Amino acid sequence: MSSLLILLAFNVSTAFQVKEVNEVLKWLPEHEHASVTRKKYVNDQRLAVGSLLLRRYFVSKYLAMPWHDIQFDRLPGGKPTLACPDGQYLDFNISHDGDWVVLVSTMTRKLQVGVDCVSIKTLKDPVNTFVDCFQYQLTLSERQTIFNGQDEATQLRAFYQIWGCKESYTKAIGEGLAFDLQQISFNNHPTERWIECQHGNQLQVTWMYHVSDLDEKTAVVICCGDPSASSLDHRLRDFGHMTRRIGEPYVSPTDAFTRLTLNDIHQQYLRNTHC
Ligand SMILES: CC(C)(COP(=O)(O)OP(=O)(O)OC[C@H]1O[C@@H](n2cnc3c(N)ncnc32)[C@H](O)[C@@H]1OP(=O)(O)O)[C@@H](O)C(=O)NCCC(=O)NCCS
């Protein structure tokens, strides 16, 4: 998978003490500071700064660009992007929630990636009351998949996994919130370890979904595909076959991400900064 997708994860709760957010802000260009400092809650600040650090670390390390020369942009729908040097191709996507920031990237031309990381909350209400709040985003078969779960914890996990699949696709295509989530419907393949997506009346054949667990309360879904292709790259297919099935209970971390520490990022910053 390393040749096709780069997967990075950064745990902000182990990385930061409160004062360190201000400290690491100095590693980032000033125009990026406001998106961190305007956040009211400390954990949101940690996630925001983690998100900015992780993408800069990634470009600096994998595209060998000088740390301070990197300039990100956004596509019209809001997806962050980077103008690559020498006609290189890059697509990447970031997600953050709870303790984690994750980045998924590909340099394989035409492939698009999306990622969604979701912290599974403890509910005060029964799961069905919670799931009912999303009746306009979920399909009938997705509701059936969720409520086939043997207990409330499994049902809630299944809901978040399905939600992650939906968001990862909308993020891969760059539409985000603008996309009608009820147009896509996710289910386990009846016999294989594989997540199927029905888009309207058609089964998607050029997209792969991979669900895993960063820790007991954090699920992450990777979506990758080439909408202009007629079939899926065999390496993506192999990776997709390693997914967790929707509703599978948590056992232990199952992700394929490289876990970074704040020190890894700091070292890259020091190595790759103009003196
Ligand atoms: C982008 C979006 C789809 C995802 O938001 P989210 O799930 O709240 O947040 P995530 O952490 O997964 O993603 C945020 C990141 O996505 C990226 N992003 C923003 N817009 C994007 C777009 N149009 N396409 C792809 N990626 C996008 C950004 O990098 C952003 O991080 P940053 O602000 O630190 O740069 C957003 O439009 C949204 O608000 N979605 C619906 C949220 C919702 O209803 N959640 C309920 C869950 S139970």
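If you're wondering where the values come from, they're calculated on a predicted model, not measured in any experiment.

Visitor: Break down the overall build of the chain for me, with residues and values.
Guide: In terms of regular secondary structure, the chain is built from nine helices and 12 strands. Computed over the C-alpha atoms, the radius of gyration of the chain is 19 Å, within 12% of the 19 Å expected from 2.2 N^0.38 for a compact globule of 275 residues. Principal-axis analysis of the C-alpha atoms gives the chain an extent of 60 × 45 × 35 Å. Within the chain, the fraction of its 275 residues that count as buried is 40%. Look at the contacts in the chain between residues 6 or more apart in sequence, and 66% of them connect residues 24 or more apart.

Visitor: Help me get a handle on the sheet that holds strand β4 (residues 91-97), residues and values and all.
Guide: Taken in spatial order, the four strands of this open sheet run β4-β5-β1-β12, and their pairing is mixed. The outermost strands of the open sheet, each flanked by one partner alone, are β4 and β12 (258-260). This sheet shows a mean twist of 20° between the axes of neighbouring strands, independent of strand direction. Relative to β12, strand β1 (residues 6-11) runs parallel, the two being bridged by three bridges.

Visitor: Talk me through the site of the ligand; I want residue IDs and the actual numbers.
Guide: Near the ligand, the surroundings consist of 20 residues, among which Ser51, Gly78, Lys79, Ser95 and Gly176 are the closest. Residue assignment for the shell around the ligand shows that the elements contributing at least two residues are α4 (42-62), β4 and α7 (152-172). Of all the elements, β4 adds the most residues to the shell around the ligand, at five residues. For the shell around the ligand, the per-class residue count stands at five nonpolar, nine polar and six charged.

Visitor: Quick one: what's the story with the environment of Ser3, residue by residue and with numbers?
Guide: With respect to the helices and strands, Ser3 occurs in the segment before β1. Sequence separation between Ser3 and Thr81 is 78 residues; the distance between their C-alpha atoms is 20 Å.

Visitor: Run through the environment of Arg157, naming residues and quoting values.
Guide: Tracing the backbone shows Arg157 in helix α7. Ignoring sequence-local partners within four residues, the contact set of Arg157 consists of Ile120, Ala219, Gly247 and Tyr250.

Visitor: Any chance you could break down the pairing of strand β6 (residues 112-119) for me, citing the residues and the numbers?
Guide: Where burial is concerned, most of β6 is hidden: seven out of the eight residues are buried. Of the pairings in the sheet, the one linking β6 to strand β11 (residues 218-225) comprises eight bridges and is antiparallel in character. Pairing of Val115 across the sheet is with Ile222, part of β11.

Visitor: How would you summarise the nonpolar core if you had to cite specific residues and measurements?
Guide: In this structure, Leu8 and Val102 are the most contacted members of the largest nonpolar core, which totals 67 residues. If we skip the residues at most four places from it in the chain, Leu8 touches Leu54, Phe58, Val102, Leu103, Phe257, Thr258 and Leu260.

Visitor: Can you break down the sheet that holds strand β8 (residues 195-199) residue by residue, with the values?
Guide: Read across the open sheet, the three strands follow the order β7-β8-β9; overall the sheet is antiparallel. On the outer flanks of this sheet lie β7 (184-188) and β9 (202-203), each paired with one strand and no other. Across the face of the sheet, α7 comes into contact with β7 and β8 while running at roughly 130° to β7.

Visitor: Explain the environment of Lys124 to me, using residue names and the numbers behind them.
Guide: Tracing the backbone shows Lys124 in the loop between β6 and α5 (127-132). Residues Lys124 and Gly149 lie 25 residues apart in sequence; the distance between their C-alpha atoms is 19 Å.

Visitor: An account of the pairing of strand β5 (residues 100-106) is requested, with residue identities and associated values reported.
Guide: The element β5 is largely enclosed, with a buried count of seven among its seven residues. The alternating pattern of β5 places Trp100, Val102, Val104 and Thr106 and Val101, Leu103 and Ser105 on opposite faces, both of which are buried. Relative to β5, β1 runs antiparallel, the two sharing six bridges. If you follow Leu7 over to β5, its bridge partner there is Val104.

Visitor: Talk me through the packing of helix α6 (residues 140-147) against α7; I want residue IDs and the actual numbers.
Guide: Relative orientation of the contacting elements α6 and α7 amounts to 145°, with a least axis distance of 8 Å. Counting all contacts with α6, which are made through Glu142, Thr145, Ile146 and Phe147, the residues of α7 involved are Gln155, Ala158, Phe159 and Ile162. Looking at the contact of α6 with α7, its residues break down into five nonpolar, two polar and one charged.

Basis of the calculations
Residues numbered from 1 in each chain as written. Predicted model: local features only at pLDDT ≥ 70, side-chain atom pairs only at ≥ 80, totals over all residues. Helix = DSSP H or I, 4+ residues; strand = E, 2+ residues; numbered from the N terminus. Rg over C-alpha atoms; globule rule 2.2 N^0.38 Å. Buried ≥ 20, exposed ≤ 12 C-beta atoms within 10 Å, placed from the backbone. Contact = placed C-beta atoms within 7 Å. Pairing = 2+ DSSP bridges. Axes fitted to C-alpha atoms, helices over the stretch in contact; angles between N-to-C directions. Near = placed C-beta within 6 Å. Nonpolar A, V, L, I, M, F, W, Y, C, P; charged D, E, K, R; others polar. Core = buried A, V, L, I, M, F, W, Y, C linked by C-beta atoms within 7 Å.

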